[in-house]
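Summary of structural features
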Amino acid sequence: MPDKIDLRFGSNDVRLGPREWVVALALILAVIGLAPVVWPFLEPLRLEPDHRLPFSLGNDYYTYARLCRAAAARGKTLLVGDSVIWGHYVPKEEALSAQLNKLSGAERYANLGVDGIHPAAMLGLLEHHGHAIRRRAVVLHCNLLWMSSRRHDLSADKEFAFNHPTLVPQFSPRIPCYKESFADRLGIAIERGMPFHAWKKHLQFAYFGGDDLPAWTMHHPYNCPLRAVTLRLPSPNEEPSPKPDTRPWTAQGIARQGFAWVDLDASLQWRFFRETADLLLRRGNRLFVLVGPFNEHMVKPDSLAAYQARKRAVGAWLAERGIPHLVAEPLPSELYADASHPLADGYRLLAGRLLECAAFRHFGQASP
Amino acid sequence: MLFHTWVFAVFFLIVYPVHLATRGTRLKVPWLLLASYVFYGWWNPLYLLLIVTSTSADYLAVRCMARSRRKKPWVAFSVLVNLGMLGFFKYAGFVAQSLNDLFAALRVACAVPVPDILLPVGISFFVFQSMTYTIDYYRGLIEEEPSFIRYATYVSLFPQLVAGPIERSTNLLRQLRATPPITRHDIADGLSLFIVGLFKKRALADFLALYVDKVYAMPDRFDASALVLATVAFGWQIYFDFSGYTDMARGIGRMMGLRIMLNFNNPYLATGLGDFWRRWHISLSSWFRDYVYLPLGGNRRGEARTYVNMAITMLVSGLWHGANWTFVVWGGLHALGRVATRRLESTRFYTERVPTAAKRILVFAFVSFAWVFFRARCVGDAWLIVTRIFGSAWADPRFPLLAVGLLVAVWAYQWAYESRLRGALLGSAPVRIGLVVAMALYLAGCGGAGDKAFIYFQF
């Protein structure tokens, strides 16, 4: 009867005493604490003059932090932003930082853009993984495309999958289209403060195709996972996947579009952009903001006025805060691949305009 | 709220210090009850209505039995409330669908509406646990519990609420009345149990689930080798999943000063089917033994009746697992197995001549075969899998070697654990520390993504 209850300790346990647990915990914490610190000595970062993050490591925030450290250590001026800075439609040598280096005749600009990142995620990226660039000169790109609809702005109510969800604020301010459970948000909030977690994700992105180990073995059942860790990172020159169409937007057959611009007062992405600028200023960064150049040729006349009003408002806010900036005039139509991305010649022209801009020259002269 | 999530870690970090501070006071039990209701209500606060109903009915039944000469109506009331609730939430849809299938087969123009009812997590467990109290009181085995709060805590205690072990009031209520000291050895022991359970769940069960889910989702696309491996993998998956949950539950209980019963005892080392059921889901097996098999007469009414009682118990046990004919067939297969081998297992030939390894492999093979019906989505799928196992070609199954390595290591460990090697294996502190560190680092670095729920939550 019930008195036959089996209260034995276990049936296949590994039982440690209190002191043994102290030893075990010390060992576990040592490995977890040291792995992300020691790893860079084993895995060389292939630094080229302008540091672009390999496309396949676009979600690898550990490598991004390493890039930040390397660029900051070399005293470069850091270009921070989304795929416009990263150079989605051009090879590394044609992106804005590379064009600035070419035109200025010195390797002083580093590409810290991340393909697909938006202001909400950029704030999280710099907050959690960009400590190394504090007190450095930063050119922050403002892409008004992220305010071109409620969906881009993340203020739509309907849930959809957006880029870099683990970087956005998990609890406050509330992002209406982000419907993760409380438990998942809590997990994300805790894990993104752990360097070990970022390192683990780095291994997944760099060597296991973004999968965790169990999922990877399902695709490679007979491969040794240790052999997959080659300690050779992907090339910064690898092309985006799928391969982008590098013809001008007009040649691609893209029609002019009417955008449902979000009011800046109500825009989440604008709020996150401002918070990013504030974060950098708080951290002692010298900040220059590049606004645009958006492809105004692609905007239908009825929404062009709304865009220009927002562009002016952004410029006014930057002026009011005393942040040096350039609200870029649109490039010639044929130098755009889509609504916001220049082609190689567009980057060259933009770099030239930047270098001609008095505020930028002043910013550059004061940079280390 | 799953044990292997951050939200549980935060929950426990709040609950545990308060438990340590209040355990010697009158607040100990109310605090545990509050924590348990928060834990259960986390899934859906409405579920709390069910657990409160079951708790209140059984508490009331015993109170009335204690004050009345006629006990039978009150125990019947308790059984009716609990089984009625279980029947409605778990079996109403199944019964209606089965009737419709029957009408269709008989070409009777009649359709029963099939209710779409969400199965509350853990209902099969807490209903059984609560009923033991009324039945044991009726049998004169226990005293009445005067405190409703304490009784409610016994029914809903969060470590073992949603997937057992199904505790007896004789064990758990007694511990809730006392205030046993919590030593640093209890905390160390609790952590030891928890880490093993976490490893079983996250590193092993969830890993094997990737292969099993893929194959069982489309069995017609896989040949014999993959189906056999997926079936064997499922046998290990469900064991690691469920015993992992139990280990974590026992570990948490231990840290809180509570001794929760053993639920698994290396079942795949069983040398007979009877032995298997003494090792697998011990709390449920013993529940069915004490509250179904023995009341039916057990083995006291002749051999034929014994077999009938065993078969009924196994079929009911199968149905307990889920409202699907697959579980009935699974229970039926085990009933057949037990009936066919009961006498054989007690012969001198079997006990002395047949090598232990051969017996273990035979039992494992039979249990694995029965798992086909347990895991398949429907009887048709199960039959398809069986026919393809015996009738299709054997090709490259693409089963991960890493999973094979982990399984072999765990099985070898279990063999060693039940052999003379145990002392050599676990007597050395560096070996034990090394094993724990290896498990923790594997979990931290290589554990899969996602928070996959425990299989037994669906029951």
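Residues numbered from 1 in each chain as written. Chains lettered and ligands numbered in written order. Predicted model: local features only at pLDDT ≥ 70, side-chain atom pairs only at ≥ 80, totals over all residues.

The next point concerns the nonpolar core. Ranked by internal contacts, the top residues of the largest apolar core, which has 124 residues, are Ile195(B), Leu208(B), Val212(B), Ala230(B) and Phe373(B). Counting residues per element, this core draws most heavily on helix α8 (residues 184–217) of chain B, at 18 residues. Viewed by domain, this core spans two of them, domain 1 (6–179) and domain 2 (185–446) of chain B, each represented by three or more residues. In this structure, Ala230(B) is in contact with Tyr211(B), Val212(B), Val215(B) and Tyr216(B), ignoring residues within four places of it in sequence. Ala72(A), Tyr89(A), Leu126(A) and Leu331(A) belong to the second largest nonpolar core, which has 87 residues in total. (Core = buried A, V, L, I, M, F, W, Y, C linked by C-beta atoms within 7 Å. Buried ≥ 20, exposed ≤ 12 C-beta atoms within 10 Å, placed from the backbone. Helix = DSSP H or I, 4+ residues; strand = E, 2+ residues; numbered from the N terminus. Domains from an automatic or database assignment. Contact = placed C-beta atoms within 7 Å.)

Right, let's get into the interface of chain A and chain B. On the side of chain B, 51 residues touch chain A, which itself brings 40 residues to the contact. Elements with a minimum of two residues in the side of chain A that touches chain B: α1 (18–42), α6 (182–191), α7 (195–207) and α8 (213–219) of chain A. Among the elements that take part in the side of chain A that touches chain B, α1(A) stands out by supplying 9 residues, more than any other. Here the residues of the side of chain A that touches chain B are counted per class, giving 26 nonpolar, 6 polar and 8 charged. (Nonpolar A, V, L, I, M, F, W, Y, C, P; charged D, E, K, R; others polar.)

All names here are of chain A. Taken in spatial order, the 5 strands of this open sheet run β2-β1-β3-β4-β5, and their pairing is parallel. In this open sheet, the two strands that pair with only one neighbour each are β2 (109–113) and β5 (325–327). Across the sheet, the mean angle from the axis of one strand to that of its neighbour is 20 degrees, orientation sign disregarded. In this structure, strand β1 (residues 77–81) lies alongside strand β3 (residues 137–142), joined through 3 bridges in parallel fashion. What sits directly across from leucine 79, in β3, is valine 139. Where helix α10 (residues 268–282) meets the sheet, its contacts fall on β3 and β4 (286–291), and the angle it forms with β3 comes to roughly 175 degrees. (Pairing = 2+ DSSP bridges. Axes fitted to C-alpha atoms, helices over the stretch in contact; angles between N-to-C directions.)

Our focus in this paragraph is the pairing of β1(A). Residue and element names in this part refer to chain A. Counting buried positions over the 5 residues of β1 gives 5, a clear majority of the element. Neither face of β1 is left uncovered, since the one carrying Thr77, Leu79 and Gly81 and the one carrying Leu78 and Val80 both have all their residues buried. Bridge count between β1 and β2: 5 bridges; the pairing is parallel. Counterpart to glycine 81 in the pairing with β2 is glycine 113.

Once that is clear, we can look at the domain arrangement of chain B. All names here are of chain B. Each assigned domain of chain B is listed here: domain 1 (6–179) and domain 2 (185–446). Measuring from the centre of the C-alpha atoms in domain 1 to the corresponding centre in domain 2 gives 26 Å. Of the residues lining the interface, 19 residues belong to domain 1; the matching set on domain 2 comes to 20 residues. Of all the secondary structure elements, the ones that give two or more residues to the side of domain 1 that touches domain 2 are α1 (6–22), α4 (72–105), α5 (123–138) and α7 (169–177). Here the side of domain 1 that touches domain 2 gets 4 residues from one element, more than from any other, and that element is α4. Among the residues forming the side of domain 1 that touches domain 2, the class breakdown is 9 nonpolar, 7 polar and 3 charged.

Take unusual backbone geometry next. For the bond from Ser172(A) to Pro173(A), the omega torsion is -5 degrees, close enough to zero to count as cis. Looking at the element boundaries, Pro173(A) is found in the loop between β3 and α6. Cis rather than trans, the peptide bond between Gly292(A) and Pro293(A) has omega equal to 5 degrees. Its place among the elements puts Pro293(A) in the loop between β4 and α11 (301–321). Here the phi dihedral of His164(A) falls at roughly 55 degrees; this positive angle occurs in a residue that is not glycine. With respect to the helices and strands, His164(A) occurs in the loop between β3 and α6. Judged by C-beta crowding, with 18 C-beta atoms within 10 Å, His164(A) ranks as partly exposed. Phi angles above zero are rare outside glycine, and Arg107(B) is one such case at about 60 degrees. For Arg107(B), the location among the structural elements is in the loop between α4 and α5.

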